[in-house]
Amino acid sequence: MKFVDEFRDAAVINKTAEEIRRLADPSRHYRFMEVCGGHTHAIYRFGLKDILPDNVELIHGPGCPVCVLPMGRIDDGLSLAKDPNVIFTAFGDMMRVPGTQGSPLEHKARGMDVRIVYSPSDALKLAQLNPDRHVMFFAIGFETTAPSTALTVLRARAEGVRNFSVFCNHVTIIPAIRAILDSPDMRLDAFIGPGHVSTVIGCRPYEWIAKDERKPIVVSGFEPLDILQAIVMILHQMRAGEAKVENQYKRVVPWEGNRAALKAMGEVFQLRPYFEWRGLGFISQSALRVRDTFDEWDTEQRFRVPGVRVADPKAAQCGEVLKGVLKPAQCKLFGKECTPEHPLGALMVSSEGSCAAYFNYEHRKAALTSLSWPA
Amino acid sequence: MCLAIPGKIIEFAADGGSRATVEVAGVRRKVDLGLLQEDMPVLGDWVLIHVGFAMSKISEQDAVDQMNTLRMLGESEQAMQEVRGYGLERE
């Protein structure tokens, strides 16, 4: 409640929450999945769970790129960092994600040349500044970041930079949603669609969810009011017995997406036949690789990548949490062996990971409450 | 990484390329406009930036709202750190 009270639109928020209570049928239980990790973070941060009626449950989806990356890919990428000729670059989010031999940051502490970049174009620039060494960019992200990597590869080719390559771990959101819908232990009524991914892909790719699966999906912004409005729109559809794709985030998301971004992605990347997702297993056509015509800028073509497969620690239940089958606190390791300070799974590392979000807001809040109880 | 950072375009690159200087809460950095080729912004326009690339044009009000959202999410410092990091600290 606290964060909502601080929000400038507190009155509107309360009114919207009232509307949700009015629209939700008290005799049934609703399960809506927010696909995007940014939404998960916002939901915890703003305490939206507390203002929703008990029978409207939000299930956290797989939309956290760091979280869905299997440990083997981290090991694969880091294995190349051992080459003293290689500069390993990645976004800051990746730096604390554990591989079997430690995180990129720990590799840096052991003397390997591991550097944070905030943009793929800075990795390219680093290559231009270090012509005698090879700069590999550990690329992660859904369609929000994939176009930037693509454009960077196009620039590398245009500018003739040959000591730069991309270790491509870009994934695509639609097959992940399909895998979740196909999962037998999953029952969902509707989706809150990702905001920024949709800026790129638009709203059309979701149409099968409405048409074939008969489930509403509403693309939403990240303010508390956006998310609540998306829930209102979903409930309106359900009351009318409809299932449609709707866009609550029109101020940023065009229905058709960003054509220039899609074009750059199409030019540089092609779909992998399959790719392993942490928790969801192998999903066909769910990730991107660098096209053969850009071999020279593909880390996997230029270097011998070991292709490591690592099973998650047995006790950790990252997969169940990623699929929304378990809540973060239901994992046996949550808050004990696995904390944001000492993460065992990636869901505890990224602010978009549901475990970290839950730990930082719900778990700490509960701990504070129990501490202050005697007073 | 998944932060969407609002910035105002204050100068286009002199080389006629697709880079432009944006201002984000007083900090100026170069970003890439190559993904807005089909709907190029003009001077003074606001854009949402992801990992150093402008991804969409937005209104000034939406830019203010987005900065507020980042603040409320506790991500504004992280966003500024990202912006300061663009261009490897070189202008």
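Note that the structure is predicted; figures quoted are calculated from it, not measured.

Colleague: Could you clarify how one ought to interpret the overall build of chain B in this entry?
Modeller: From N to C terminus, chain B includes two helices and five strands. By the compact-globule yardstick of 12 Å for 91 residues, chain B fits well, its C-alpha radius of gyration being 12 Å. Principal-axis analysis of the C-alpha atoms places the extent of chain B at approximately 35 × 30 × 20 Å. Across the 91 residues of chain B, 57% fall into the buried class. In chain B, of all internal contacts separated by at least 6 residues, the share reaching a separation of at least 24 is 48%. Working note: accessible area of chain B is about 3,800 Å², and carbon and sulfur atoms make up 47% of it. Distance from the positive charge centre (9 side chains) to the negative charge centre (15 side chains) of chain B: 6 Å.

Colleague: Where do I start with the interface of chain B and chain A in this structure?
Modeller: The figure often quoted for interface size is the accessible area lost as the parts come together. Tallying the contact residues gives 37 residues for chain B and 42 residues for chain A. For the pair chain B and chain A, the summed buried surface comes to about 3,300 Å²; carbon and sulfur atoms form 60% of the total. Run the count over chain B and chain A and you get three salt bridges. In this structure, the salt-bridge partner of B:Asp32 is A:Arg155, at a minimum N-O distance of 2.7 Å. Our enumeration of links across chain B and chain A arrives at ten residue pairs in polar contact (both at pLDDT 80 or more). Among the elements of the structure, strand 4 (46-50), strand 5 (53-58), helix 1 (60-72) and helix 2 (76-85) of chain B are those that each provide at least two residues to the side of chain B that touches chain A. With seven residues, helix 1 of chain B is the largest single contributor of residues to the side of chain B that touches chain A.

Colleague: What is the right way to look at the nonpolar core in this model?
Modeller: One recurring pattern in soluble globular proteins: nonpolar side chains tend to sit buried together. Residues and elements named next belong to chain A. Within the largest apolar cluster, 113 residues are counted, with the highest numbers of intra-cluster contacts made by Phe164 and Tyr206. Excluding residues that lie within four positions of it along the chain, phenylalanine 164 makes contacts with Pro120, Ala123, Leu124, Ala127, His134, Val135, Phe137, Thr152, Ala156, Glu296, Trp297 and Arg302. Residues Ile13, Leu52, Leu228 and Val232 belong to the second largest nonpolar core, which totals 28 residues.

Colleague: Looking at this model, I keep getting lost on the sheet that holds strand 4 (residues 114-116) of chain A. Mind explaining?
Modeller: Two strands in a sheet stick together by hydrogen bonds in their backbones, pointing the same way (parallel) or opposite ways (antiparallel). All names here are of chain A. Read from one edge of the open sheet, four strands run 4-3-5-6, paired in parallel fashion. In this open sheet, the two edge strands, each paired with only one partner strand, are strand 4 and strand 6 (164-170). Going across the sheet, the axis of each strand differs from the next one's by a mean of 25°, ignoring polarity. Here strand 5 (residues 134-141) pairs with strand 6 via seven bridges, running parallel.

Colleague: Any chance you could explain the pairing of strand 5 of chain A here in plain terms?
Modeller: Each regular strand displays side chains that alternate between the two surfaces of the sheet. Residues and elements named next belong to chain A. Among the eight residues that make up strand 5, eight are buried, leaving the element largely enclosed by the rest of the structure. Of the two faces of strand 5, the one carrying His134, Met136, Phe138 and Ile140 and the one carrying Val135, Phe137, Ala139 and Gly141 are both buried. As paired elements, strand 3 (residues 86-90) and strand 5 share four bridges and run parallel to each other. Looking at strand 5, one finds that threonine 89 is bridged to phenylalanine 137. In this region the chain leaves strand 5, passes through helix 9 (residues 146-158) and returns to the parallel neighbour strand 6; the handedness of that crossover is right-handed.

Colleague: Would you take a moment to explain the environment of A:Arg278 for this structure?
Modeller: Tracing the sequence through the fold places A:Arg278 in the loop between strand 11 (274-277) and strand 12 (281-284). The contact partners of A:Arg278, leaving out residues within four places of it in the chain, are A:Cys67, A:Val68, A:Leu69, A:Pro70, A:Met71, A:Asp312, A:Cys318, A:Leu322, A:Gly345 and A:Ala346.

Calculation notes
Residues numbered from 1 in each chain as written. Chains lettered and ligands numbered in written order. Predicted model: local features only at pLDDT ≥ 70, side-chain atom pairs only at ≥ 80, totals over all residues. Heavy atoms only, no water. Helix = DSSP H or I, 4+ residues; strand = E, 2+ residues; numbered from the N terminus. Rg over C-alpha atoms; globule rule 2.2 N^0.38 Å. Buried < 20%, exposed > 50% of the residue type's maximum accessible area, 1.4 Å probe, protein only. Contact = heavy atoms within 4.5 Å. Areas by Shrake-Rupley, 256 points an atom, 1.4 Å probe, with all protein chains shown as cover. Lys, Arg positive; Asp, Glu negative; His and termini not counted. Charge placed at Lys NZ, Arg CZ, Asp CG, Glu CD. Buried area = accessible area lost by both parts, 1.4 Å probe. Salt bridge = Lys/Arg side-chain N within 4 Å of Asp/Glu carboxyl O. Polar contact = N/O pair within 3.5 Å; in protein donor to acceptor, adjacent residues only side chain to side chain. Core = buried A, V, L, I, M, F, W, Y, C linked by side-chain atoms within 4.5 Å. Pairing = 2+ DSSP bridges. Axes fitted to C-alpha atoms, helices over the stretch in contact; angles between N-to-C directions. Right-handed = clockwise from strand over helix to strand, strands pointing away.

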